[in-house]
Amino acid sequence: MQCKPPSSNTAPSDSEEPKTSKEEVVIAPSFNGRSWRYLGRFHDPPQAPSNPFPTTAFCGSISQRKPTSDNLPALPLTTSPTVALMRPSLSGVAASKPFTCLPCFLRTSTRNSFQRPVLTYTERTTPRLSTAQFSHSARQLHAQEAPDQTAAFNTAASLRPTTAPKPLLDIKHIRLNPDLYSQNCIDRNYKSLAEYPHKINTLFAEWQAQQKAGRALRERGNILRRRLAGPGGASRDDPREIIDEFGDMSREEILEEARKLKAGLAGIEETEGKLQAEMERLALAIPNLTSDETPRGTEPEVMSYINNHPEPEPALSDRVWRSHVHVGAELGLLDFAGAASSSGWGWYYLLDEAADLEQALISYALATATRAGWRQVSPPSVVYGHIAAACGFQPRDANGETQIYAIAQSREDAARGKPELVLAGTAEIPLAGMKADTVLDEADLPLKRVAVSRCYRAEAGARGSETKGLYRVHEFTKVEMFSWTLPDQVETEEIFDEMIDLQTEILGGLGLHCRVLEMPTADLGASATRKCDIEAFFPSRRERNDGWGEVTSASICTDYQTRRLATRLKTKEGKLVYPWTVNGTALAVPRVLAAILENGWNESEKSVLIPEVLRPWMDGREKIGPRHRMN
């Protein structure tokens, strides 16, 4: 392949003539291909009186020499930190080998690995390159290798990126227990996936048949190879019928038979790969098995209550004023109309004391968690789509509804196979991804992390009065706890109980009336084997679920996430196993803030009582009262 000199960041025109210079600075890639280093200067030789040898062009990324002819060699990279590559004066016959950049070297080294002719030349033309050209353009390289970008885009969209952690699923356990996994799908409201375990067994039987056929072809190939070696090449273990079949064949017939066997074996291996990929795809979609502690069905089990009920039988006249939407409007704390104009329904502005309350709630939750030994992390809000999927967050649900926001990707990036980026719906995703493709040490477990982040939820579905205001929004701030534990039920449940205790302490300190629930199978996500929610009392939601609304949750995910993220654990005995993960909400700001506004509202004073635990972060203020509102 001929290297062409680039022009800025676009492919050069065939009619463009490069400028020449007498001296050129050369920068070359290091052996790992990730950095560049100074190698010295080339000096142009005096021109020979005649030029019987072909002129060469230069590498398309930088002033590194690359012959135009495909049969000319490339100079291997040097390992020296700095080398001055000099070209000797020519007397018409001899010259040094040219330097070539890493991508061009890799393309030519394979092609010319068995033949390296000697290069001689007498004249070169050096293109002057701008600073912007001192890097390889992946766009140009892809344009050479994948001219059909539409086809490449469709292919890249359906393939797992090569940089993604390779899932290491226990498909054997699914094959041995298909009825268990099928019933689990039904119990957890994944009825469309209930046939997947049995499909995996069918695919596995087909894969075994392909394996058997492949072994037969390889056996015939080995006999053919020994037959070509000579009469003495046969083995006593070779089947007599096959030996007799090949006995009367000429050498040309044997070679033709070998070519047929090779083609047949290639087809079998391709089919095996497709069957394995399909089994993995089906296994990835199957939800985690369910804990024995989880109630079957659709009804949760009440485990305990937090604080007393503030007003078991509130007056009907108070109900409208106890909606946080009306409280926020009365005190000038919330602006939904402005957010609807700027961003759409489902977004909001927190104003004045409401914004202060948000920061106070975050600080209060972080202080409570870090005091208990949880290490704080500030995670990214943008993650790869395959990382989110490995955590159990799919871009679309079973009905095709959008669940998480994906960042638009250009056709060019998709064609190059660049992984898709999404907005994290919870800090659980980047926290879990932090240890992807990592081996943990048993002595370090449990790892306990707490993070505050912005969360983004598409929240597909119709919006009604029960979800108005801050209860169901597209973007919010949340404090999340995440832990890696030993693959042991007792130790994992200790961390799980610790999370629920912290949630109880946080919500109890805020004076909210709550109840702790053991959630049923129908309410579990794909990754959770067990899940506990805490619901707070919202006076404005009395007509729906007796006023209860979820404010926190905690889940045990066993090895569902770590197997998909290739997170492993090295035990004291040196064995590699998969740790378990546990996650829980320390505090989700919008819903807790809404509960504070509704439960702390004083109708006669037109004020909201600030919980005592938040006052250190609210300049000691006790109440949020009416104020003269300014535009």
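Just so you know, these numbers come straight off a predicted model, no measurement behind them. (Residues numbered from 1 in each chain as written. Predicted model: local features only at pLDDT ≥ 70, side-chain atom pairs only at ≥ 80, totals over all residues. Heavy atoms only, no water.)

1. Side note on the overall build of the protein
Right, so step 1: Helices and strands together make up the secondary structure of the protein, namely 17 helices and 20 strands.
Right, so step 2: Looking at the protein as a whole, 45% of its 631 residues qualify as buried.
Right, so step 3: Pairs at least 24 residues apart make up 73% of the contacts formed inside the protein by residues separated by at least 6 positions.
Right, so step 4: Roughly 32400 Å² of accessible area belongs to the protein as shown, and the carbon and sulfur atoms make up 50% of that amount. (Helix = DSSP H or I, 4+ residues; strand = E, 2+ residues; numbered from the N terminus. Buried < 20%, exposed > 50% of the residue type's maximum accessible area, 1.4 Å probe, protein only. Contact = heavy atoms within 4.5 Å. Areas by Shrake-Rupley, 256 points an atom, 1.4 Å probe, with all protein chains shown as cover.)

2. Side note on a nonpolar patch on the surface
Right, so step 1: The grouping of Val-382, Tyr-384, Ile-407 and Leu-421 at the surface amounts to a nonpolar patch, some 290 Å² of accessible area in total.
Right, so step 2: Within the fold, Ile-407 resides in the loop between helix H12 (385-390) and helix H13 (411-415).
Right, so step 3: Since its relative accessible area comes to 35%, Ile-407 is described here as partly exposed. (Patch = residues over 30% accessible without salt bridge, like charges linked within 9 Å, V, L, I, M, F, W, Y side chains within 5 Å. Salt bridge = Lys/Arg side-chain N within 4 Å of Asp/Glu carboxyl O.)

3. Quick word on a negative patch on the surface
Right, so step 1: A contiguous patch of negative charge on the surface is contributed by Asp-488, Glu-491, Glu-494, Asp-497 and Asp-501.
Right, so step 2: Note that Glu-491 resides in helix H15 (residues 489-509).
Right, so step 3: Given the relative accessible area of 35%, Glu-491 is considered partly exposed. (Lys, Arg positive; Asp, Glu negative; His and termini not counted. Charge placed at Lys NZ, Arg CZ, Asp CG, Glu CD.)

4. Observations concerning the pairing of strand E13 (residues 530-537)
Right, so step 1: E13 sits mainly inside the fold: eight of its eight residues count as buried.
Right, so step 2: Residues Arg-530, Cys-532, Ile-534 and Ala-536 line one face of E13 and the alternating positions Lys-531, Asp-533, Glu-535 and Phe-537 line the opposite face, and both faces are buried.
Right, so step 3: Bridging between E13 and strand E14 (residues 548-556) involves eight bridges; their strand directions are antiparallel. Among the inter-strand pairings, Phe-537 is bridged to a residue of E14, identified as Trp-548. (Pairing = 2+ DSSP bridges.)

5. Looking at the packing of helix H11 (residues 353-371) against helix H17 (residues 589-599)
Right, so step 1: The geometry of H11 relative to H17 is characterised by a closest axis approach of 10 Å and an angle of 115° between their N-to-C directions. Relative to H17, H11 is oriented so that their crossing is right-handed. Note on element contacts: H17 touches H11 through Val-589, Val-592, Leu-593 and Ile-596, opposite Ala-354, Leu-357, Glu-358, Leu-361 and Ile-362.
Right, so step 2: Looking at side-chain class alone, the contact of H11 with H17 contains eight nonpolar, no polar and one charged residues. (Axes fitted to C-alpha atoms, helices over the stretch in contact; angles between N-to-C directions. Left-handed = near helix turned anticlockwise from the far one by under 90°. Nonpolar A, V, L, I, M, F, W, Y, C, P; charged D, E, K, R; others polar.)

6. Thoughts on the layout of surface pockets
Right, so step 1: Its boundaries defined by the atoms lining it, the second largest pocket holds a volume of some 620 Å³.
Right, so step 2: Lining of the second largest pocket is provided by 26 residues; of these, Asn-288, Leu-289, Thr-529, Thr-558 and Asp-559 occupy positions nearest its centre.
Right, so step 3: Put simply, the parts of the chain that give the lining of the second largest pocket at least two residues each are helix H4 (171-176), H15 and helix H16 (560-565).
Right, so step 4: In terms of residue class, the lining of the second largest pocket is built from 10 nonpolar, eight polar and eight charged.
Right, so step 5: Two domains each donate at least three residues to the lining of the second largest pocket, and these are domain 1 (171-285) and domain 2 (301-624). (1 Å grid on protein atoms, 1.4 Å probe; cavity = no way out; pocket = protein on both sides within 12 Å on 5 of 7 lines; lining within 4 Å. Points joined across faces, edges and corners; volume = space filled by probe spheres on them. Domains from an automatic or database assignment.)

7. Let's talk about helix H5 (residues 178-187)
Right, so step 1: Within H5, burial applies to Pro-178, Tyr-181, Ser-182, Asn-184 and Cys-185. Buried residues in H5, looked at end-on, bunch into an arc of 160°, giving them a common side.
Right, so step 2: Following H5 by one or two positions, Asn-189 adopts a phi angle in the positive range, close to 70°. (Arc of directions from axis to C-beta.)

8. Points about the sheet that holds strand E20 (residues 623-624)
Right, so step 1: One open sheet holds the three strands; their spatial order is E18-E19-E20, and the pairing between them is antiparallel. Looking along the sheet, the strands with just one partner apiece sit at the ends: strand E18 (601-602) and E20.
Right, so step 2: Relative to E20, strand E19 (residues 607-609) is paired through two bridges, and the arrangement is antiparallel. Along E20, the bridge assignment pairs Val-608 with Ile-624.

9. Overview of the nonpolar core
Right, so step 1: Counting 60 residues, the largest nonpolar core has Leu-361, Leu-510, Val-592 and Leu-614 as its most contacted members.
Right, so step 2: Ignoring anything within four residues of it in the chain, the contact list for Leu-510 reads Leu-361, Tyr-364, Leu-587, Val-592, Ile-596, Pro-611, Val-613 and Leu-614.
Right, so step 3: Of all hydrophobic cores here, the second largest spans 24 residues; its members include Ile-387, Leu-440, Leu-445 and Leu-565. (Core = buried A, V, L, I, M, F, W, Y, C linked by side-chain atoms within 4.5 Å.)

10. Let's talk about the environment of Glu-358
Right, so step 1: With respect to the helices and strands, the residue Glu-358 is situated in helix H11.
Right, so step 2: Placed 232 residues apart in sequence, Glu-358 and Pro-590 show a C-alpha to C-alpha distance of 8.0 Å.
Right, so step 3: Apart from residues no more than four positions distant in its own chain, Glu-358 is found in contact with Leu-350, Arg-454, Thr-477, Val-589 and Leu-593.

11. Points about H17
Right, so step 1: Taking burial as the measure, the 11 residues of H17 include 10 buried ones, the bulk of the element.
Right, so step 2: All buried positions along H17 are accounted for by Val-589, Pro-590, Arg-591, Val-592, Leu-593, Ala-594, Ala-595, Ile-596, Leu-597 and Glu-598.

12. Examining the packing of aromatic side chains
Right, so step 1: Scanning the entire structure with this criterion turns up seven aromatic pairs.
Right, so step 2: Ring plane angle 25° and centroid distance 5.6 Å describe the contact between Phe-204 and Trp-207, whose orientation is recorded as stacked. Within this pair, Phe-204 and its partner Trp-207 are both found in helix H6 (residues 196-229), separated by three residues, close to a single helical turn. As far as burial versus exposure is concerned, Phe-204 and Trp-207 are alike and both buried.
Right, so step 3: An angle of 45° between the planes, with centres 6.3 Å apart, marks the rings of Tyr-305 and Trp-548 as tilted. Placement of Tyr-305 in strand E3 (residues 301-306) and of Trp-548 in strand E14 is noted, with a sequence separation of 243 residues between them. (Phe/Tyr/Trp six-rings, centres within 6.5 Å; stacked < 30°, edge-to-face > 60°.)

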